[in-house]
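Listed here are the chains, written in short residue letters.
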Amino acid sequence: MQDQINNLPKLAKDRHKENKTFFTKLRKKPPKQLDYLMQDLHKEEFERTDCLDCANCCKTTGPLFTDKDIKRIAKFFKMKEQQFIEAYLRLDEDNDYVLQSVPCAFLGADNYCSIYEVRPKACREFPHTDRKKFQQISNLTLKNVVICPAAFNIVEEMKKRIQL
Ligand code: SF4
Ligand code: SF4
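The present account deals with the structure reproduced in this document.

Definitions and cut-offs
Residues numbered from 1 in each chain as written. Chains lettered and ligands numbered in written order. Predicted model: local features only at pLDDT ≥ 70, side-chain atom pairs only at ≥ 80, totals over all residues. Near = placed C-beta within 6 Å. Nonpolar A, V, L, I, M, F, W, Y, C, P; charged D, E, K, R; others polar. Helix = DSSP H or I, 4+ residues; strand = E, 2+ residues; numbered from the N terminus. Pairing = 2+ DSSP bridges.

## A closer look at the site of ligand 2
Phase 1 of the analysis: For ligand 2, the full set of nearby residues is C58, G62, P63, C104, F106, L107, C113, I115, R119, P120 and C123.
Phase 2 of the analysis: A class-by-class count of the residues in the shell around ligand 2 yields 9 nonpolar, 1 polar and 1 charged.

## A word on the site of ligand 1
Phase 1 of the analysis: By nearness alone, every residue bordering ligand 1 is listed as T49, C51, C54, A55, N56, C57, F126, P127, I147, C148, P149 and A150.
Phase 2 of the analysis: Contributions of two or more residues to the shell around ligand 1 are made by α3 (56-60) and α8 (149-161).

## Quick notes on the sheet that holds strand β2 (residues 89-91)
Phase 1 of the analysis: Overall, antiparallel pairing links the 3 strands, which are arranged β1-β3-β2 in an open sheet. Two strands bound the open sheet, and with one partner strand each, they are β1 (64-65) and β2.
Phase 2 of the analysis: As paired strands, β2 and strand β3 (residues 97-99) are joined by 3 bridges and run antiparallel to one another. Across the sheet, residue L89 finds its bridge partner in β3, namely L99.

Such coordinate-based values are descriptive only and should not be taken to indicate function.
Written out as structure tokens, the structure reads:
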């Protein structure tokens, strides 16, 4: 898995133009069954890929924390929200709360998330490959294929299965 993760930036760069063209066409004419197809591709990929062997998203990017996330996680730690923010978060250039540093402070050496039950919504949904109207997040997906081997594989499979 680590070799795959190390090679991903180069592989994704090599496919970037092709992927961009594919998503431009997909946005113009998304297949009627796209939501169902994405559910299938996502499920198939995550039957093969175990995030516990990877954790590259937690090591290299980290999520945005919504107000609800902050409230829930602070409560989990029995901390005041402001205390939690000061300990772990910072505001980014878009005024969103993000991690002060990566790898994420809640990631264990065994790749387990120590706040898994209350983790941010963005962590639960990453890499968003089973969301509806997937064509609408193509710019985000083009970024995600650089860090997420599962997202990379799903996009490769999409190109094989969807004739545009
Ligand atoms: S979501 Fe992607 S980057 Fe994150 S751990 Fe799973 S395979 Fe790795
Ligand atoms: S909160 Fe958990 S799932 Fe989210 S980035 Fe940190 S370790 Fe990963």
